[in-house]
Amino acid sequence: MLAKLTGWLLLGIVRLLTGAQARWYGCPPKAEQRIYFANHQSHADLVMIWAALPEELRSITRPIAARDYWANTPFKRWITTEVFNAVYVERAAAAPASAAPAAAAAEPEAPPAPVRDTVAAPAERIEPSMEPLLPLAPAAQTVVDVTPEAFDEVQGRLDLPAPPPPPPPVAPPVESPSVASETAPSEPAAAPTSDPLAPLVEALRSGDSIIIFPEGTRGHTGEPQKFKSGLYTLATMFPEVVLVPAWIDNVQRVMPKGEIVPVPILCSVTFGAPIRVEEGEERRPFLDRARAAVIALRDV
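Predicted model, so just to flag it, every value in this text is computed and none were measured.

J.: I keep staring at the overall build of the chain and nothing clicks. Help me out?
T.: Scanning the chain from terminus to terminus reveals 12 helices and seven strands. Across the 300 residues in the chain, those meeting the buried criterion constitute 33%. At a minimum sequence separation of 6, the contacts of the chain that also span at least 24 residues come to 75%. When the accessible area of the chain is evaluated, it comes to approximately 19600 Å², of which 60% is carbon and sulfur surface.

Take a look at the structure:
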């Protein structure tokens, strides 16, 4: 109940500040599974396109939200999950682990020191003695013919204290075959990398519509940046989902990059004609065509 009331309050504030005008130029608002893809110039883009949708579409449409920004405080995390029903994406996960220097990757990690199950007994302490090592009074004169090697051995026993007893032997730790195979230098285990598209794929498989920004980050030149490959991947994985381009206008002036205080100004969202991946169409030609479809809505 609280989330619903907050959603209505937020919707009223957004429409008061921006007008939130929706213009359906190439397709009518329809309750079908769609991927809305739009230009991205402000954090308010998510809120703006959400507010421009009719109520029956807002309930089945989930915007994507960067986790490092929209989940860094409890309030923003609650708004995005309970009000917007957003899909979190990890922007840092897109960086592959292979970006580390090759020299560092080539060096095998030192194996961890074995953990000993038993502690060796400390060596026995030998107290110093003031007694002479050789007797003061000469003993009975007994002539013994000994070799030099035997003499040195006897003399060493008289001059040096006995060495401490060696610690008891400790059996090396036994490693399980699975651990040994993972840490073997000949077959280093690859670092797992998460797929940033996995949350979007899950949302589409559950039947939801989504709102994405194919640029991947906010721009500030007025022209969308080159689209990343995520839109093409989703379009080929879900060919039955309708791809709808959208142009968000003036939101960058409401909340420019780096600002936190919104400025009241009229804004609009123009939805264009759906597109799809043509048979045999490669990734980059499709992404360029999708970007051109978004830019064409700027002057409508």
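Past the structure itself, the notes keep going.
J.: Just checking my understanding: could you explain the pattern of salt bridges for this structure?
T.: Where charged atoms from two side chains of opposite charge come close, those side chains can pair. Evaluation of the coordinates by the stated rule reveals seven salt bridges. Of the charged contacts, one joins Glu32 and Lys30 as a salt bridge, the two residues approaching to 3.8 Å between their closest N and O atoms. With relative accessibility at 23%, the residue Glu32 sits in the partly exposed group. Look at Lys30 and you get partly exposed, because its relative accessible area is 47%. A salt bridge links Glu281 to Arg289, with the nearest nitrogen and oxygen atoms 2.8 Å apart. Here Glu281 falls in the buried class, since its relative accessible area comes to 15%. Among the ionic contacts, a cluster of salt bridges with common partners joins Lys30, Glu32 and Arg34.

J.: Explanation requested: the packing of helix 1 (residues 2-18) against helix 2 (residues 44-52) in the structure shown.
T.: When two helices pack together, their arrangement is given by the angle between the helix axes and the distance between those axes. At a minimum axis separation of 10 Å, helix 1 and helix 2 run at an interaxial angle of 100°. If you check the angle between helix 1 and helix 2, you find them roughly perpendicular. Seen from helix 1, the contacting residues are Gly7, Leu11, Val14, Arg15 and Thr18; seen from helix 2, they are Val47, Met48, Trp50 and Ala51. For the contact of helix 1 with helix 2, the residue count by class is six nonpolar, two polar and one charged.

J.: Please clarify how helix 12 (residues 283-296) should be interpreted in this entry.
T.: Three or four residues apart is the spacing at which side chains of an α-helix point the same way, because the helix has 3.6 residues per turn. When the terminal C-alpha atoms of helix 12 are compared, their 20 Å separation across 14 residues agrees well with the 20 Å that a helix rising 1.5 Å per residue should span. Of all the positions in helix 12, only Phe286, Leu287, Ala290, Ala293, Val294 and Ile295 are classed as buried. If you follow the buried residues of helix 12, they end up packed against strand 2 (34-38), helix 10 (230-237) and strand 6 (242-249).

J.: Can you help me understand the side chain of Thr61 in this one?
T.: Along the polypeptide, Thr61 turns up in strand 3 (residues 61-66). The exposure class assigned to Thr61 is buried, which follows from its relative accessible area of 3%.

J.: What is the right way to look at helix 2 in this model?
T.: For helix 2, a buried count of nine out of nine residues is recorded, marking the element as mostly surrounded by other parts of the structure. Among the residues of helix 2, those classed as buried are Ala44, Asp45, Leu46, Val47, Met48, Ile49, Trp50, Ala51 and Ala52.

J.: What should I look at first to understand unusual backbone geometry in this one?
T.: The bulk of non-glycine residues show a negative phi, and the bulk of peptide bonds are trans. Here the phi dihedral of Asn85 falls at roughly 55°; this positive angle occurs in a residue that is not glycine. If you trace the backbone, Asn85 turns up in the loop between helix 5 (74-83) and strand 4 (87-89). Owing to a relative accessible area of 35%, Asn85 belongs among the partly exposed residues under this scheme.

J.: Whenever I open this one, the packing of aromatic side chains confuses me. Can you help?
T.: Describing an aromatic ring pair means giving the distance of the ring centres and the angle of the ring planes. Tallied over the full model, the rule gives six aromatic pairs. Measuring from ring centre to ring centre gives 6.5 Å for Phe37 and Phe227, while their planes differ by 85°; the resulting arrangement is edge-to-face. With Phe37 in strand 2 and Phe227 in the loop between strand 5 (209-212) and helix 10, the pair connects residues that are 190 residues apart, well separated along the chain. Taking relative accessible area as the criterion, Phe227 reaches 1% and is therefore assigned buried. Every member of this aromatic cluster is reached through a ring pair, and the members are Trp24, Tyr36 and Phe271.

J.: What's the story with the nonpolar core in this structure? I'm lost.
T.: The nonpolar side chains of a soluble globular protein tend to be buried with one another. Counting 62 residues, the largest nonpolar core has Ile35, Phe37, Phe84, Leu200 and Leu231 as its most contacted members. A total of seven residues in this core trace back to one element, the largest contributor, which is helix 2.

J.: Quick question: what am I supposed to make of the sheet that holds strand 6 here?
T.: One key point about sheets: their strands pair by backbone hydrogen bonds, in either a parallel or an antiparallel sense. One open sheet accounts for seven strands, arranged 1-7-6-2-5-3-4; its pairing is mixed. Only two strands of the sheet have a single partner each, and these edge strands are strand 1 (21-24) and strand 4. Shown here is a sheet whose adjacent strand axes are inclined to one another by a mean of 25°, direction ignored. Strands strand 1, strand 2, strand 3, strand 5, strand 6 and strand 7 (268-271) of the sheet are contacted by helix 2, whose axis makes an angle of about 65° with strand 7. Across the sheet, helix 9 (residues 198-205) lies against strand 2, strand 3, strand 4 and strand 5, angled at about 160° from strand 4, the strand it touches most.

J.: How should the confidence of the model for the chain be read in this particular structure?
T.: Detailed reading of predicted coordinates is not advised where the pLDDT is low. Of the residues in the chain, 60% reach a pLDDT of 70 or more, and the chain-wide mean stands at 74. Low pLDDT, under 50, characterises residues 115-120; the predicted model gives this stretch four contacts beyond four residues in sequence or across chains. For residues 131-137, every residue scores under 50 in pLDDT, and the model assigns this stretch three contacts once sequence neighbours within four places are set aside.

Procedures and definitions
Residues numbered from 1 in each chain as written. Predicted model: local features only at pLDDT ≥ 70, side-chain atom pairs only at ≥ 80, totals over all residues. Heavy atoms only, no water. Helix = DSSP H or I, 4+ residues; strand = E, 2+ residues; numbered from the N terminus. Buried < 20%, exposed > 50% of the residue type's maximum accessible area, 1.4 Å probe, protein only. Contact = heavy atoms within 4.5 Å. Areas by Shrake-Rupley, 256 points an atom, 1.4 Å probe, with all protein chains shown as cover. Salt bridge = Lys/Arg side-chain N within 4 Å of Asp/Glu carboxyl O. Axes fitted to C-alpha atoms, helices over the stretch in contact; angles between N-to-C directions. Parallel < 35°, antiparallel > 145°, perpendicular 65-115°, else oblique. Nonpolar A, V, L, I, M, F, W, Y, C, P; charged D, E, K, R; others polar. Expected span 1.5 Å × (residues − 1). Phe/Tyr/Trp six-rings, centres within 6.5 Å; stacked < 30°, edge-to-face > 60°. Core = buried A, V, L, I, M, F, W, Y, C linked by side-chain atoms within 4.5 Å. Pairing = 2+ DSSP bridges. pLDDT = per-residue confidence, 0-100.

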